[in-house]
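A look at the structure
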Amino acid sequence: EHLAALVLARGGSKGIPLKNIKLLAGVPLIGWVLRAAADAGVFHSIWVSTDHDEIEKVAKQFGAQVHRRSPEVSQDSSTSLEAIREFLTHHHEVDIVGNIQATSPCLHPSDLIKVADLIQKEGFDSVFSVVRRHQFRWSEVKKGENKMTEPQNLNPAKRYRRQDWPGELYENGSFYFAKRHLIEKGYLQGGKMAYYEMRAEHSVDIDIDIDWPIAEQRVLSFGYFGKEPLKEVKLLVCSIDGCLTNGRIYVTEDQKEMVSYDYRDIVGIDLLKKRGIEVRLISERDCSKTLSAMKLGCVAKISATNKLQVLEDWKKDMGLSWKEVAYLGNEESDVECLKKAGMSGVPADACTVAQKAAGYICKSNGGCGAVREFAEHIFLLLEKVNSARKQ
């Protein structure tokens, strides 16, 4: 049976424009669920249904295939079910659809694996995600109605303590898996049904109840960051041109070169050093005069024809694993280093292939605070590592 993951991502969001690809903790929102779906390893294909070129580009960056949906199912009034049914008319090979919401960035592969088992091995026709809530409900009294409110799920004379009450299950919208025959009849839930209870901390829906900064904190605490656990970072290697500087070189009449850098980035480098992280610099050109003028006190390799080789040598000398190395780059020549490093970042204005290879895309451009911003990102992730250790 062909099980397809399908993420619906329209370009027109009522709230935040192009919210589906807005960066959340350095990763486009849709990227969090696409990474979880890919690493679950249970889907025969992973699709994004969209009407927008930019979303298509991001979907492909994360390894998904793209279904260009028709304008008829891309309206504000269009339902998810209509978009899923349209997808199925174009993809006859698909037997089961796992519809995953783009707005659930704390989804983990382990949840998707268990749901796939329920539908493929245990014979359920549809499975959907729920979360347990401990909320007491009361009946609504409309204005002008002369009656009292009534308790709906409690006895006020004998209120439960939270720990003595199992709570109630609510749909959280993270995912809806259903077999083709149900969807074609117009149902996402039906037949032999099961719910799948998600942990409350993984049940984040940006659409409904959360704003961006809070969501970033939740994702940094409870999100899924890849198959291997994060490790303490011991070394940050930063490309000089285009990361520490903006990549521009000014030449005076007497042929002296000048570059500009941002003081915030120098502070970022100092903060990293204070946390015991070694900072080293790398450049393809000979910029020894620039470096001595900057007085950064960092080991640097200039005129580097093979950046990956330099990185390999440094890693070996320091006795580190790739997971302990962070890399900030912006050019095609940085791509292999970005792919290998445990933590990788690029400035906002990095070239497309570098952005594709990086785990984190800064909001700042090169030479305008990107190093400082990446340093902050490293500190946040190290907090995550340390809290995991304490648990």
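The written sequence of each chain sets the order in which its residues are numbered from 1. It should be noted that, the model being predicted, local features are given only for residues of pLDDT at least 70 and side-chain atom pairs only at 80 or more, the latter also being counted only at that level, while totals for whole chains, interfaces and linings use all residues. The basis for every side-chain value is the complete set of non-hydrogen atoms in the structure, without hydrogens or water.

Considering the overall build of the protein chain
Selection rule: A run of H or I in DSSP becomes a helix once it reaches four residues, and a run of E becomes a strand once it reaches two; helices and strands are each numbered from the N terminus. Three labels apply to residues, based on accessible area from a 1.4 Å probe with only protein chains included: buried if under 20% of the type maximum, exposed if over 50%, partly exposed otherwise in between. Contacts between residues were defined by any pair of non-hydrogen atoms, one from each residue, lying within 4.5 Å. Each accessible area is a Shrake-Rupley estimate made with a 1.4 Å probe; only the visible protein chains count as cover when residues are assessed. Positive residues here are Lys and Arg, negative ones are Asp and Glu, while His and the chain termini are left out of the count. The location of each charge is read from NZ of Lys, CZ of Arg, CG of Asp or CD of Glu.
Scanning the protein chain from N- to C-terminus turns up 14 helices and 17 strands. Of all 391 residues assigned to the protein chain, the portion counted as buried reaches 50%. Taking the intrachain contacts of the protein chain between residues at least 6 apart in sequence as the baseline, contacts between residues at least 24 apart amount to 65%. Accessible area of the protein chain: about 19700 Å², with a carbon and sulfur share of 48%. Treating the 54 positive side-chain charges of the protein chain as one cloud and the 54 negative ones as another, the clouds have centres 5 Å apart.

As for unusual backbone geometry
Even without being a glycine, Ser 303 presents a positive backbone phi close to 50 degrees. With relative accessibility at 40%, the residue Ser 303 sits in the partly exposed group.

Describing the domain arrangement of the protein chain
How we decide: All the domain ranges listed were derived from an automatic or database domain assignment. Here the buried area means the combined drop in accessible surface, using a 1.4 Å probe, for two parts upon being joined, counting both sides. What makes a salt bridge here is a side-chain nitrogen of Lys or Arg within 4 Å of a carboxyl oxygen of Asp or Glu, nothing more. Any N or O atom pair separated by 3.5 Å or less is treated as a polar contact, with the protein-specific requirement of one donor-capable and one acceptor-capable atom, and with residues adjacent in sequence counted only for side-chain atom pairs.
What the domain assignment lists for the protein chain is domain 1 (3–222) and domain 2 (235–389). On a C-alpha basis, the centroid separation for the pair domain 1 and domain 2 is 37 Å. Each partner contributes to the interface: domain 1 provides 10 residues, whereas domain 2 provides 10 residues. Carbon and sulfur atoms make up 59% of the area that domain 1 and domain 2 hide from each other, which totals about 860 Å². If you sort the residues of domain 1 by the area they bury against domain 2, Leu 23, Gln 61 and Leu 220 come out on top, with a joint share of 57%. At the surface where domain 1 touches domain 2, the tally comes to 0 salt bridges. Taken together, the links from domain 1 to domain 2 amount to 0 residue pairs in polar contact (both at pLDDT 80 or more).

Examining the nonpolar core
In a soluble, globular protein the nonpolar side chains are often hidden away together inside. We count it as follows: For the purposes of this section, nonpolar cores are sets of buried Ala, Val, Leu, Ile, Met, Phe, Trp, Tyr and Cys residues that join through side-chain atoms within 4.5 Å.
Counting residues in each nonpolar core, the largest one holds 43 residues, and the members touching the most others are Leu 24, Leu 244, Leu 272, Leu 281, Phe 374 and Ile 378. Structurally, this core is a two-domain feature, drawing no fewer than three residues from each of domain 1 (3–222) and domain 2 (235–389). Beyond its immediate sequence surroundings of up to four residues, Leu 24 is in contact with Leu 29, Trp 32, Pro 105, Ile 206, Trp 212, Ala 215, Glu 216 and Val 219. Counting residues in each nonpolar core, the second largest holds 37 residues, with Val 33, Ile 96, Leu 112 and Val 115 among its members.

A few points about the pattern of salt bridges
Overall, the coordinates contain 20 salt bridges when judged by the stated rule. Glu 54 is the partner of Lys 57 in a salt bridge, and the nearest nitrogen-oxygen pair spans 3.9 Å. Separated by 3 residues within a single helix, Lys 57 and Glu 54 lie in helix 2 (residues 53–61), roughly one turn from each other. Between Arg 137 and Glu 168 there is a salt bridge; the shortest N-O distance is 3.1 Å. With Arg 137 in the loop between strand 7 (126–133) and strand 8 (168–179) and Glu 168 in strand 8, this pair connects stretches of sequence that are 31 residues apart. Connected through shared salt-bridge partners, Asp 53, Glu 56, Lys 60 and Arg 68 make up one network.

Brief notes about the sheet that holds strand 16 (residues 343–346)
Put simply, the test is: Any two strands are treated as partners once DSSP identifies two or more bridges connecting them. Every angle, taken between N-to-C directions, lies between 0 and 180 degrees, and every axis is a line fitted to C-alpha atoms, over only the stretch in contact when it is a helix.
Strand order in the open sheet formed by 6 strands is 14-13-10-15-16-17, with parallel pairing between adjacent strands. Taken across any chain shown, the strands that pair with only one partner, and hence form the sheet edges, are strand 14 (299–301) and strand 17 (360–361). Pairing between strand 13 (residues 278–282) and strand 14: 3 bridges, direction parallel. Paired with Leu 281 across the bridge in strand 14 is Ala 300. Helix 11 (residues 307–318) rests against strand 10 (235–239), strand 13, strand 14 and strand 15 (325–328) of the sheet, and its axis sits at about 155 degrees to strand 13.

Looking at the environment of Glu 145
With respect to the secondary-structure elements, Glu 145 resides in the loop between strand 7 and strand 8. Given a relative accessible area of 37%, Glu 145 falls into the partly exposed group. Sequence separation of Glu 145 and Glu 253 is 108 residues, and the distance between their C-alpha atoms is 84 Å.

Things to note about the environment of Ile 100
Secondary-structure assignment places Ile 100 in strand 6 (residues 96–100). On the accessibility criterion, Ile 100 (0% relative accessible area) is buried. Measuring from C-alpha to C-alpha, the distance between Ile 100 and Tyr 176 comes to 6.7 Å, with 76 residues separating the pair along the chain. Excluding residues within four positions of it along the chain, Ile 100 makes contact with Ala 5, Leu 6, Val 7, Leu 8, Val 33, Ala 37, Phe 43, Leu 107, Leu 112, Ser 174 and Phe 175.

Considering the pairing of strand 13
Definition in use: By convention a crossover is right-handed if, when the strands point away from the viewer, the path from the first strand over the helix to the second runs clockwise.
The buried count for strand 13 comes to 4 of 5 residues, which makes it a mostly enclosed element. As judged from the 5 bridges shared by strand 10 and strand 13, these two strands associate in the parallel manner. Within the sheet, the bridge partner assigned to Leu 236 lies in strand 13 and is Val 279. Crossover connection from strand 13 via helix 10 (residues 288–294) to parallel strand 14: handedness right-handed.

Here we look at the side chain of His 108
Counting through the fold element by element, His 108 comes out in the loop between strand 6 and helix 4 (109–120). Overall, His 108 belongs to the buried group, its relative accessible area being 15%. Polar contacts involving the side chain of His 108 include one to the side chain of His 202, which spans 3.4 Å. Those residues within four positions of His 108 in sequence are excluded, and the remaining contacts are Ala 36, His 202, Phe 222, Gly 223 and Tyr 224.

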